[in-house]
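Take a look at the letters that make up each chain.
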Amino acid sequence: MYDDQEFVEQYYNGKKELFKTHPLRVLFFEITSRCNARCEHCGSSCGDFVPKDEITGEEIKKVLRDVAAHYDPKLVMLNITGGEPLVRKDLFELMDYATKLGFYWGMTTNGMLIDEEVVKKIVDTKMYSISVSIDGMKELHESFRKVPGSFEKIIHGLKLMKECPSIGVLQVTTCVNKKNIDQLEDIYQLLKELGIKYWRIMEVDPIGRAKNNDDLLLDADGENKMFEFMKEKQLTQNEIRIDYGCAHYLGWNRDWLIRGKPFICGAGTMVGSVLSNGDIFVCPDVPRRPELIQGNVRKDSFVEVWEKKFKPYRKVSRTTNSTCKKCPDWKICMGGAFHTWDFDENRQLFCAREKFKEMYEFEKRVLENQKKNKKKDTKKKETKKSNKKTSS
């Protein structure tokens, strides 16, 4: 719900300008598709196989040199992901190389391999941020991740890293789904006890192994329950900073309330990636359709591809259909998150207006009442002013 069309136009024009300038701010390196877990929700369907085409250390270093030579490396955050990054033996050698080039780096991990030796390497290579997955209390988390005995290892790793002041952001990420939504308070209390200051909440998306999985995917009631939990915690405590993931337009008011800022999908405008096979791409969760892959670092310069290609991502109409174009939220949403756009059916799988109809109807009534009251107040003031002139 919004009533400031001037601001909406400014915001829309700002997004269009971003499509033109496309400043690279986040570079994902999916350094492996190998993983030591079998998560029910994995967007990449990773496993323990060793692919023949996995990107080599020298190929990664070549990309890092290319990016550092053309952009200020301090303005490009390296996000290391997988699979599970820690199964790669040369990870810290590569990150030491990146740090010496001037990059800041962070990592997303399931946390099961973090021990004293790994923490020492984390500190030595000046890792800035890390996000560790906790998707429930012990029994549920281990069931969800398919690794018995892993929960204690994750907690041990978090405790070790908590003692490292050089880590700028020590974050826990929870993928909310039907199975764990009733454990959010338990997870909150656990993080509070551990002294964790950053908690990222996101919901399981209909991609990868979770696609069409009704046992996991939240319905509108579940999503509202999650957002109400977040809102209550954000308003009543300040010990843990609770953020919602970057995905999805939630509605104008809810974005401001939950995120503290409007939604923007930076795929191909601020966010690029190198996949585990060397493909040049955007956020690793986006469907890896041939027409969306922009090149491969084995034959292409990442910077040259970033500057001259990525055209499917830099059009205002990149994710739209006839319904979207008529939608009052279009200039704010612009089709929503790229990774949940169904390219075969040409529609958004997570549409706020479809999911949260009751919320929109309520906000519409509130806005109409506000307008009526504003008109009444204006009329009263005009009448009062007119009476004063008449009496004088």
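Residues numbered from 1 in each chain as written. Predicted model: local features only at pLDDT ≥ 70, side-chain atom pairs only at ≥ 80, totals over all residues. Heavy atoms only, no water.

## Details of the overall build of the protein chain
What the protein chain contains, in helices and strands, is 14 helices and twelve strands. A burial count over the protein chain gives 52% of its 392 residues as buried. Sequence separation of 24 or more characterises 70% of the internal contacts of the protein chain that already satisfy a separation of 6 or more. If you sum the accessible surface of the protein chain, you get close to 19700 Å²; carbon and sulfur atoms cover 51% of it. (Helix = DSSP H or I, 4+ residues; strand = E, 2+ residues; numbered from the N terminus. Buried < 20%, exposed > 50% of the residue type's maximum accessible area, 1.4 Å probe, protein only. Contact = heavy atoms within 4.5 Å. Areas by Shrake-Rupley, 256 points an atom, 1.4 Å probe, with all protein chains shown as cover.)

## Overview of the pattern of salt bridges
One pass over the full model with this rule turns up 27 salt bridges. Among the salt bridges present, the one from Asp135 reaches Arg145, with a minimum N-O distance of 2.3 Å. One end of the pair, Asp135, is in the loop between β4 (129–133) and α5 (138–145); the other, Arg145, is in helix α5, with ten residues separating them in the sequence. Like Arg145, Asp135 is buried. Linked by salt bridges that have partners in common, Arg34, Glu54, Arg88 and Asp90 make up one network. (Salt bridge = Lys/Arg side-chain N within 4 Å of Asp/Glu carboxyl O.)

## Quick word on helix α3 (residues 91–101)
Every buried residue of α3 is listed here: Leu91, Phe92, Leu94, Met95, Ala98 and Thr99. Looking straight down α3, one finds that the buried residues subtend no more than 155° of arc, so they occupy a single side. As for α3, its buried residues are in contact with α2 (57–70), β2 (77–81), β3 (104–109) and α4 (116–124). Just past α3, the residue Gly102 takes up positive phi, approximately 110°. (Arc of directions from axis to C-beta.)

## Describing unusual backbone geometry
Among all residues save glycine, negative phi is the norm, and among peptide bonds the norm is trans. The backbone of His22 shows a phi angle near 35°, a positive value even though the residue is not glycine. Located in the positive-phi region is Met334, a residue other than glycine, with phi close to 55°. Here Met334 lies in the loop between α12 (330–333) and β11 (341–342). A relative accessible area of 5% means that Met334 is categorised as buried.

## Observations concerning the environment of Asp135
Since its relative accessible area comes to 1%, Asp135 is described here as buried. Sequence separation of Asp135 and Ile181 is 46 residues, and the distance between their C-alpha atoms is 9.4 Å. At 2.3 Å, the side chain of Asp135 forms a polar contact with the side chain of Arg145. (Polar contact = N/O pair within 3.5 Å; in protein donor to acceptor, adjacent residues only side chain to side chain.)

## Re the pairing of strand β8 (residues 271–274)
Residues of β8 alternate between two faces, with Val271 and Ser273 on one and Gly272 and Val274 on the opposite face, all of them buried. As paired strands, strand β1 (residues 26–30) and β8 are joined by four bridges and run parallel to one another. Looking across to β8, one finds that Phe28 is bridged to Ser273. Bridging between β8 and strand β9 (residues 279–281) involves two bridges; their strand directions are antiparallel. Directly across from Ser273, in β9, lies its bridge partner Phe281. Where β8 folds back onto β9 in an antiparallel hairpin, the turn is made up of four residues, including Gly278, whose phi is positive at roughly 95°. (Pairing = 2+ DSSP bridges.)

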